[in-house]
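Listed below are the residues making up each chain.
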Amino acid sequence: MNGVRTISILGSTGSIGTSALSVVEHANVQSPDTVFEIDTLTGGQNAELLIKQARQFKPKCVVIADPDKREQVQDALSDLNIEVSAGTDAIEEVARRPVDRLLAAIVGISGLPSTLAAVEAGNSIALANKESMVCAGPLLNRIAADREVAIVPTDSEHNAMFQVMERREDVERIILTASGGPFRTASREELKTVTPRRALAHPRWDMGQKISIDSATLFNKGLELIEACYLFDLPEDQIEVVVHPQSILHSAVAYRDGSVLAQMGVPDMRTPIAHALTWPDRREPTPVDRLDLVALSQLDFEALDAKKFPAVDLSRQAIRVGKGAPIALNCANEGAVAAFLTGQCGFLDISWIVETVLERFLNGPMSCEDCENLEAILAIQAEAERLTGALLDEVKSQKQERTA
Ligand code: NAD
Ligand code: MG
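Predicted, not measured: the structure shown is a model, and the values here were computed from it.

Participant: Which parts of the structure should I look at to understand the overall build of the chain?
Facilitator: Helix and strand content of the chain: 17 helices and 12 strands. Relative to the compact-globule value of 22 Å for 404 residues, the chain shows a C-alpha radius of gyration of 21 Å, a close match. The principal-axis extent of the C-alpha atoms belonging to the chain is close to 60 × 55 × 40 Å. Across the chain, every contact between residues at least 6 apart in sequence was considered, and the portion connecting residues at least 24 apart equals 68%. Surface summary for the chain: the accessible area is close to 17,500 Å², and the carbon and sulfur share equals 48%. Taken as two groups, the 39 positive and 58 negative side-chain charges of the chain have centres that lie 3 Å from each other.

This is the structure we're talking about:
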């Protein structure tokens, strides 16, 4: 594509959002012509950062999810010709504005309505918000196919798979790599006493809070496995998870003839973001460090310890069942992570909560329901949140006993 690319960034104040703006800034400064123009930026709570971004990048629209912060944003931008609105409905609305690519970078299932709205409106998506694909993969794929809209994976692993994906029918398996997170070498005993502060310190990636905890529990890999099944239409047993602590080889696709094609690069989200924003081109330079294989000298790979980290097996179970099971797993995990971050449960409780909620969901009346529209998906979300809330109450009363 030649000329200016118009993009929107939903979740611009987050880790992915700020990395994307760094890509935009670099490309615009390096090129004699404008490479990217921003149509819309949205943020959740951080009005100060959203205002700063709006003043620098001069989008046409800005939305703050928190309605209490509308006035603050409006006042701070009143000298600029920027439309300011607030609330989650407003985010859905701006997601429908036509752009060349929309980066879906809100965290959690809260990103689903706007991702869906963007695809319905015919916008091509750079998808970072993996929970959207986990909860609504078949629906998103169907609408994207109807509207002939591309969904370009932006998660580093799926972006890697996408880059090396040739003919789907020639694929033997996908190799999904995992850094192993901050507790790769910790014992199960040590995991009992993990605090949010320690869990948030990831050895390779600097990310938002929720995905950092997911990386520590390996639910991030479980969600990514489900995401890969939906994105590439493969059963879970054709996706192998391999631990690769250096996070240099971002994932690979193995073909019937024995060839394995992998994508590599330093662990910096700006590479997959730049690829997803500009695909099918890759002309824009990024400010990321270049890979030096000699300096690196060695890449390590090892098997995942499924006993210590049950998240991937639980995710395999959920995607095998399909329908609402991945939604239940995702929402139980979101609830458990929030509870862990606020001290309501321990680190090991997260996978126990997900396992128990999934089991209760699968034995309940909603497990057979189809998830063919947003309403049905949100109903399953509500049920999973109810089951998670009830379990958290049980955890509260049993906490003392179980950690003793
Ligand atoms: P983050 O918490 O840093 O940022 C999330 C963004 O969404 C922020 O702008 C926040 O204000 C906004 N937001 C949060 N809740 C919202 C709500 N209810 N309504 C509207 N806006 C809301 O998260 P992140 O690390 O940037 O991750 C974003 C998504 O990208 C996640 O789905 C994550 O799994 C995925 N992802 C992130 C990384 C990474 O390196 N950070 C890598 C791969 C995939
Ligand atoms: Mg990833």
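Moving on from the coordinates now.
Participant: Looking at this model, I keep getting lost on the coordination of the magnesium ion (ligand 2). Mind explaining?
Facilitator: Around a metal, the ideal angle is 109.5 degrees if four donors adopt a tetrahedral arrangement and 90 or 180 degrees if six donors adopt an octahedral arrangement. With distances of 2.0 to 2.3 Å, the protein atoms coordinating the magnesium ion (ligand 2) are Asp155 (OD), Glu157 (OE) and Glu224 (OE). Read from N- to C-terminus, the donor residues coordinating the magnesium ion (ligand 2) fall into the pattern D-x1-E-x66-E. With Glu157 in helix H7 (residues 156-164) and Glu224 in helix H11 (residues 219-232), the pair connects residues that are 67 residues apart, well separated along the chain. On the basis of relative accessibility, which here comes to 1%, the residue Glu224 falls in the buried class.

Participant: When you look at the sheet that holds strand S2 (residues 36-43) in this model, what are you seeing that I'm missing?
Facilitator: Hydrogen bonding along the main chain pairs the strands of a sheet, whether they run parallel or antiparallel. In space, the seven strands of this open sheet follow the order S4-S3-S2-S1-S5-S6-S7, with parallel pairing throughout. Of all the strands in the sheet, the pair left with one neighbour each is strand S4 (83-86) and strand S7 (151-153). Neighbour to neighbour, the strand axes of the sheet diverge by 20 degrees on average, direction disregarded. Strand direction decides the pairing type here: S2 and strand S3 (residues 61-64), joined by four bridges, are parallel. Within the sheet, the bridge partner assigned to Thr42 lies in S3 and is Val63.

Parameters and conventions
Residues numbered from 1 in each chain as written. Chains lettered and ligands numbered in written order. Predicted model: local features only at pLDDT ≥ 70, side-chain atom pairs only at ≥ 80, totals over all residues. Heavy atoms only, no water. Helix = DSSP H or I, 4+ residues; strand = E, 2+ residues; numbered from the N terminus. Rg over C-alpha atoms; globule rule 2.2 N^0.38 Å. Contact = heavy atoms within 4.5 Å. Areas by Shrake-Rupley, 256 points an atom, 1.4 Å probe, with all protein chains shown as cover. Lys, Arg positive; Asp, Glu negative; His and termini not counted. Charge placed at Lys NZ, Arg CZ, Asp CG, Glu CD. Donors = N, O, S within 2.8 Å, 3.2 Å for Na, K, Ca; no water. Buried < 20%, exposed > 50% of the residue type's maximum accessible area, 1.4 Å probe, protein only. Pairing = 2+ DSSP bridges. Axes fitted to C-alpha atoms, helices over the stretch in contact; angles between N-to-C directions.

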